[in-house]
Amino acid sequence: MREILRAASAAEAVRLKKENPGAFWLAGGTELLRLGGTAGPEAILIDLSAALDRTIRVEDGCLSIGALASFEDVVASASTPAWLKEAAMYMANFTTRCQARVAGDVCSFRDDAYLVPGLLAAGASLLIEGEGKVDLLDFIHARRADRLVTSILVPLDAVVRVKRIARSSSTHSALNAAYGPCGYYALVNGTGLVTADEVASASYVDDLTGSAAYKRYIASECLSILKEVAR
Amino acid sequence: MTEFILNGKKTSCAMPEDSVLRPVLYSLGCTSVRDSDDGEGFTGSDIVIIDDEPRHSNLTLLYMVEGRTVRTAESLLTRGRINDVQEAMIRAGVVQSAYNSPTVALLITWLLEKKPDASWDDLKDVLSSVFIRDAGYEHFRLALALVKEKRAFGEYRTPVSPTFRDNLDYIGKPMDKVDGRALVAGEKVFTEDKVEPGAYVLAVLRSPYAMAYITSMDTSRAEALDGVEAVITHLNCPDVYYMQAGQGNPEPSPYDRRLFNGKVRHVGDRVAAVVARDWETAHKAMGLIEVTYEPLDPIFTVEEAMAPGAPLVHNGKVSYVSGAPAGLDEYNKDADPRDGEVIYQFPLHGDIRHNVAAGAHGGIGDIEKAFAEADAVVEETYQTSQVQCTPLEPHVCYSKMENGRLVLHCSTQVPYHVRRIVAKVCGINENQVHVIKERVGGGYGSKQDILVEDLCGYATWLTGLPIYYRNTRAEEFYANSTRHPMRLTVKMSGKKDGTITGIYMDVRANTGPYGNHCLTVPMNASSKTLPLFAVDNMYYDLNTYYTNIPPTGAYQGYGAPKGYFAIMSCMDELAHKLGVDSLDMALKNVVDEGYMLEILRGLGEGREGTVVPVGSCGVKEALRKGAEMIKWGQREASPDPDWAIGKGFAMIQQGSGLPGLDQSNAQCKLLGDGTFILLSGGADIGTGLDTISAKIVCEIMKVGPSLVTVVSGDTDSCLFDTGAYASSGTYFSGNASLNAVKDLKRRMIAEAALQMDLPEDDLELEAPGFVVSKSTGRRLSYAKLSHDAQAGDGRGALVGTGSFATANSAIPYGAHFAQVAVNKRTGEIKVMKFYALQDAGTPINPEMALCQMYGAAMKSIGHTLYEDMVLDKDGRCLTDNFTDYCVPMIGEAPEDFKAVLIDVNDAYGPFGAKSISEIATNGAAPAIANAIYDAVGARVRSWPITPEKVLKALGRI
Ligand SMILES: Cc1cc2nc3c(=O)[nH]c(=O)nc-3n(C[C@H](O)[C@H](O)[C@H](O)COP(=O)(O)OP(=O)(O)OC[C@H]3O[C@@H](n4cnc5c(N)ncnc54)[C@H](O)[C@@H]3O)c2cc1C
Ligand code: FES
C-alpha cells in the first residue's frame, strides 16, 4: 500500500522528502501514476497540493508560474506568451493538460518534456525551496530529484519559436526544439538535451520515435527552420 | 474514511486512501467510469470532473478527492432520463460500441456549462482526451450543433443525414439507435458489468521466448498457495486440437493448437493459467510456477520463414479431415511429436515443413502475353505492417455454471462459433453451453476470434467456479489477433491509351504462430481487389507463412486494405509511367453493372468460387463525384514554400458476407398486447444491427419503434447466425430478420382472415398496428389478433421465422480521395482533405452508416501513417500501449473530412441495402500514398508512411 504524506508548506515538503529519500513529491500524478507508475504500490507519496500554488502572475518583467499551475492554466492565462501556450498545447490531450502541473514536466527530466526546450531558449529560471533562484539549464543538467520547485520564472521579452516533431499528436516526440534569445535547445528522444553546437556531434539512437540518422537530420533541420522563422 | 460529494450526494468511502479512484467509483455504482488503457491517460474511458476540472480517475487516488466534488456521467441523468447532450450524441450516430460514450457526454456537458456557445474548435480540443475508434470524430460536430439548436429553438434544425427511399417510413431515415440510451448513460450492459461478487479470476502466465519447447514445468508450489483453485498447463489441458478463428464450420484454417502447447510460438504465448480467488493471489501463484524452456531460433518475417533450412514453427504430424493428399505418411515421417499436430479440415495448400500454413493460386487469361505486348509494365513490392484493432473494451469473458450448464457472458462477434468451439474444447455438447453476447465495446474483427472464451470457459467447466478474465492492454497487443503483415508484389501492364492489360499479384502473408484466417485474410488481398478490374488477364499467387510474431487474425477490411494499398499504388505508378491520368485509367478499367466476373472462379475461400455478374455498382459515380469534390487535376499552391500539396485516390470494393458460406436466422413474435419481439442470431457489435432489425419490423408491421424490442446474440433464445464478420450484418442478419418479419406478417394475415372471416387477399396492415379490410374498412388491432390467437380456444401464438443464405453477392463499391500537405524539409504529412464516397445500397441507418465510414477511414488513416507494432530482436512487442503504438486521435483527423453515400439500390440486400464499414478501411493507404507522391515525388511502399520514410524517399537521409 502506498503511503501518503501531506505537506502543509514547501518547507515541510522538503523536510518530508529528507526524512524519506525514496519518496516522491506528487503534483498532477500523470507521470508518477501513469501505467502503474514510477510510484508503484509500495511508494511513499508527498502530496504537494497544500504546499505549493498554481498562480500565474507577471512580476518584474517575468511570468511567474506557480509550480502547481496546470498546463491548462498556462494556456488559459492572458499573460502567457504565444510560444509558451503553443508548447503547453503539445500536451498529449486536454484532460492531461488540466491535470498535469508545470513542475511535473520540468522535474520529470524526460527526453520529450513539453515545456523545457522553450523555457531554456527563453532563459527561464526556477525558484527552488531553500535555494532561491536557479537557472533552469543548471537544474536540468543537475537532474536531482531532491529539489522542490516552487515556481518557474519566464522572461516576458523573450521571443521564442518552438517546434515538436512526433509521429502523431498524442505520442512521444522524436524531437522537441526551441530557438530564442538563449539559443537553440532540442530534446531528442534517447539522447536528451542537444544545443546548436552539439547537433552534429551528439550521439543519437534508434528507437520507436525514429532512427539515429533521422534524429540527427531533424535536429539540424529544425535549427535552420526555427532560425529562419525567427528572422 | 474518505468523504466527498459524488454526483451531488455526500459519500463516505472506507477503501484505502491510496486506492485508484476509478475502481472505487465503479464499486460505488458509477459504471460509466471504465478503463481502456490500464491507467495510461490516453483513451478517456475513465474521465470524471473533480471540482469542475476534468481528471483521469485512473490517475487519481482516493485521498485526492477528500472534501471535493466528483461528477461522473451518472450525474447527467435526471430520474433515469439522459440529458440533451446524450440525446444529441445518439441522434448524430456517434453512440456505436460506446465504451467511452458516457465520459464523452460528460465532457461535452461540462464544456457547454463553461462555454454555452462552444465552437467546433473548442470541442475538438476537449475531444483530444478521448480515443474513438468506431465512429470517428466528425459527427461530434453535428452533435454539438444539435444540442445548441435544441437549447436555442427547442428543436433540431440541422438534418442529421441525407434520407433515402421516400416510399419507406423507417428504412433509410435516421432513427435513434435502439441500445443508444443504455450505452450513453453508462448502464450495466458490458460483460464486466455482469461479474458477480465472489467471482474468481483467471491469469495467464506467458512465454518470454518467441519459440521454445517447454522441457519441464512444476506447478506444485502455485497449486499449494491458499486461494488457488487450479493451474492449467499443456500437461493437464484437454488433448483437443482446434483453432481460435470464428469461421464457418468446417473452417478454412488449420487446427494447430490446444489450449496450451508444449511448444510456445511467440512472446506472450500461453504457458499456464491460474484460477484464483483474486488478482493478488493469481499473480503470486504465477510467480511460483517453475518452467524450463529449450529456446529455439525464432523467425519473424516472411523472408526468414521462406529461407531454406529455416526453423520450423510447426513440425508436428499433419492430417486432413477430408481430401488428404497422397504421400502423407512420408510427409509425416520426420514429424516432431513435441510440436503437436496440425489438422486441416480440407486442403489449403499448406506445407508446414516449409512454414507454409496455406496457399492459393489462380487467375484468368494469359498474363505473360499481356506483359509481353504491353507498352509499359510496372512491378513493385509493397509491405504492410502488423496493426492492432485496439477495441476500447479489451477481450473479456465471464463464465459460470448454472444448473449443470456452462454460461458465458461474452464480448464477441460470433456467439455461435464461441458455443461450438468452447463445447469442443471442453468435450461437451453444444446444448450444455449458453453464450450471452453482451454489448460489445469495440470488436473490429478481433472479437471474431475466440481468444479468451476458450480458456475461461474451460476453467469454469473444470472447476465449477464463476471466473472473470480480462486482457490487460499490453496483452491485447502481444497475445491477441492483429492484421497479418504482408509483402505484396504487383506487376501491372498497360497500353498507351490507359488500358490495363494484365495484373499479377504475389501475396506473401505472415500469419504468425497460428493459422487463424491464414488462407482467407491473405486471399482477400486478391479476391476483393482483382474483381474491381475489367481486365482479361489476371493471376495471383498466395502463400501464408508461419512465424513467431504475435498472433494475427481478422481486422476490419480483412486482407483488402493491404491488397488495395498495393494494387492502387501500382496502378498509379503505371499511369505515371504511361503518362496517363490515373483517374482516367481507373474509369477506363473499372467494372460496371453486368460485367461477368470470371476471376471469381479461382477466388473461393479454399473452394471453387462462383462466377456472377457485377450487380448494383456505384463505383464510377463515386469516382466522378469525388474527383469533382477534390478538384482532381487542379494543382493546389501551398502558402508555405516548405510544404507541397498533392492529391490521390483509390477505387475500392468489399463484399457483404460470404455467399454460399454464411447463414442467418431470426424469429419475430407478436406479443399479447400487439407489440413485437424480434430474436436475431446476428451479433450487434455497436454498429446498429439491432436497430436495422427493429426498423424492419417497424417498416413491415407499420408500428413505431417503441413497440419493438430486439433480442440478439443469445445462443439459447435466438437461432443460429454465422456472426458479425465479413460485412455480413445488414445483408445476412438483416435479410433473416426481414424474412422472419415477412413470415410473421403472412401468419398474422392468415389468422386475421380467420378471425375476421374475410379472405386473406382483402387484408393489409395499417399504422399504428391494425389489420384492415380493403373492401369493408373493418379493423382488427394487433392486440386483439394476438390475444385471441393465444387464448384458450385460439390457434396458437403468432411467430414468424426467417432464414437467409444465398449465392448472390451484394458488393459495395466506392472511391476515397485524399489531399495531403507534405513538408519537404521534415517529411511531416498532414491529411488536409479526405473524401470517402461509397455505395452502400440503401443505407438503412444513414447517420450511423456515415459514422461507420468516418471511423473506418480513420482506422485506415491510422495504419497508413501512424500505427505500427514493433518487435525487438527477440520478438518482444515494444509498442504495447496506445501512446507508443500511436493510434490516430482527433488531432490526426483530416481538416476537411466528408463521407458521402452514393445512392444505389441493390437487388438482393434487405430493402436494397449492402454493407458499409469494412470497405471504408480500403481507401486511405493508396489514396494517401499516391497523394504524397503527387505532392513531393516520394513513393513510399510500406506502412506506416512516416516522415522518416518520406525523407528517405526524398534522399534527404
Ligand atoms: C498520454 C500521455 C502522454 C504523455 N506524454 C508525455 C510526453 O510526451 N512528454 C512528457 O514529458 N510527458 C508526457 N506525459 C507525462 C506527464 O503528463 C507529463 O510529464 C507531466 O508534465 C507531468 O506532470 P504531473 O504534474 O502530472 O507530474 P507528476 O506525475 O505528479 O510528477 C512528475 C515528476 O515530477 C516531480 N515533481 C512534481 N512536482 C514537483 C516539484 N514541485 N518539485 C520537484 N519535483 C516535482 C515528481 O516527484 C515526479 O518525479 C504523458 C502523459 C500522458 C497521460
Ligand atoms: S487513465 Fe484516463 S484514459 Fe485511462
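This report concerns the structure included in the present document. (Residues numbered from 1 in each chain as written. Chains lettered and ligands numbered in written order. Predicted model: local features only at pLDDT ≥ 70, side-chain atom pairs only at ≥ 80, totals over all residues. Heavy atoms only, no water.)

1. Details of the overall build of chain A
Alright, step 1. The helix and strand inventory of chain A stands at 8 helices and 12 strands.
Alright, step 2. Over its C-alpha trace chain A gives a radius of gyration of 17 Å, about what one expects of a compact globule, namely 17 Å for 231 residues.
Alright, step 3. Expressed along its principal axes, the backbone C-alpha trace of chain A runs to roughly 50 × 40 × 30 Å.
Alright, step 4. Residues classed as buried in chain A amount to 59% of the 231 residues present.
Alright, step 5. Within chain A, contacts between residues separated by at least 24 positions form 54% of all contacts whose residues are at least 6 apart in sequence.
Alright, step 6. In chain A, the 24 positive side-chain charges and the 27 negative ones have mean positions that sit 3 Å from each other. (Helix = DSSP H or I, 4+ residues; strand = E, 2+ residues; numbered from the N terminus. Rg over C-alpha atoms; globule rule 2.2 N^0.38 Å. Buried < 20%, exposed > 50% of the residue type's maximum accessible area, 1.4 Å probe, protein only. Contact = heavy atoms within 4.5 Å. Lys, Arg positive; Asp, Glu negative; His and termini not counted. Charge placed at Lys NZ, Arg CZ, Asp CG, Glu CD.)

2. What about helix α22 (residues 846–865) of chain B?
An α-helical turn contains 3.6 residues, so a residue and the one three or four places further along point in the same direction.
Alright, step 1. Between its first and last C-alpha, α22 of chain B extends 28 Å over 20 residues, near the 28 Å set by a 1.5 Å rise per residue.
Alright, step 2. Judged by how many residues are buried, α22 of chain B sits mostly within the fold: 20 of 20 residues are covered. (Expected span 1.5 Å × (residues − 1).)

3. Description of unusual backbone geometry
All names here are of chain B.
Alright, step 1. With an omega of 0°, the peptide bond between Ala767 and Pro768 qualifies as cis.
Alright, step 2. Along the chain, the position of Pro768 falls in the loop between β27 (763–766) and β28 (770–773).
Alright, step 3. With a phi angle near 70°, Asp52 is a residue other than glycine that sits in the positive phi range.
Alright, step 4. Among the structural elements, Asp52 can be located in the loop between β3 (47–50) and β4 (53–56).
Alright, step 5. Within the chain, Cys886 stands out as a residue other than glycine whose phi angle is a positive 80°.
Alright, step 6. Take Cys886: it is sitting in the loop between α23 (882–885) and β33 (896–902).

4. Some words on the sheet that holds strand β32 (residues 829–839) of chain B
All names here are of chain B.
Alright, step 1. The strand order β23-β31-β32-β33 describes an open sheet built from 4 strands, whose pairing is mixed. In this open sheet, the two edge strands, each paired with only one partner strand, are β23 (643–653) and β33. Between one strand and the next, the sheet's axes are offset by a mean angle of 10°, whatever the strand orientation.
Alright, step 2. Where β23 meets strand β31 (residues 813–823), 11 bridges bridge the pair, whose relative direction is antiparallel. Across the sheet, Met651 pairs through a bridge with Ala815, a residue of β31.
Alright, step 3. Packed on one face of the sheet, helix α18 (residues 619–630) meets β23, β31, β32 and β33 and runs near 25° to β31.
Alright, step 4. Against the sheet, α22 makes contact with β32 and β33, and its axis sits at roughly 130° relative to β33, the strand it touches most. (Pairing = 2+ DSSP bridges. Axes fitted to C-alpha atoms, helices over the stretch in contact; angles between N-to-C directions.)

5. Side note on the sheet that holds strand β5 (residues 62–66) of chain A
All names here are of chain A.
Alright, step 1. Strand order in the open sheet formed by 5 strands is β4-β5-β8-β6-β7, and the pairing between neighbours is antiparallel. With partners counted over all chains shown, the strands left at the sheet margins are β4 (56–59) and β7 (132–135), one partner each. Across the sheet, the mean angle from the axis of one strand to that of its neighbour is 30°, orientation sign disregarded.

6. Section: the packing of aromatic side chains
Residues and elements named next belong to chain B.
Alright, step 1. Using the criterion set out here, one finds 22 aromatic pairs over all chains in the structure.
Alright, step 2. Considering the side-chain rings of Phe42 and Phe882, the 5.6 Å spacing of their centres and the 15° angle between planes classify their relative orientation as stacked. Of this pair, Phe42 sits in the loop between α1 (21–27) and β3 while Phe882 is found in helix α23, placing the two residues 840 residues apart along the sequence. Here the two residues Phe42 and Phe882 agree in accessibility, since each one is buried. (Phe/Tyr/Trp six-rings, centres within 6.5 Å; stacked < 30°, edge-to-face > 60°.)

7. With respect to the pattern of salt bridges
Residues and elements named next belong to chain B.
Alright, step 1. Scanning all chains against the criterion turns up 80 salt bridges over all chains.
Alright, step 2. The partner of Glu155 in a salt bridge is Arg157, and the shortest N-O contact between them spans 3.0 Å.
Alright, step 3. Judged by its relative accessible area of 49%, Arg157 is partly exposed.
Alright, step 4. Here Glu303 makes a salt bridge to Arg487, at a shortest N to O gap of 2.9 Å. Note that Glu303 is positioned in helix α9 (residues 302–306) and Arg487 in strand β20 (residues 486–494), a separation of 184 residues in sequence.
Alright, step 5. Among the charged side chains, a salt-bridge network with shared partners connects Glu380, Asp572, Glu573, Arg939 and Arg941. (Salt bridge = Lys/Arg side-chain N within 4 Å of Asp/Glu carboxyl O.)

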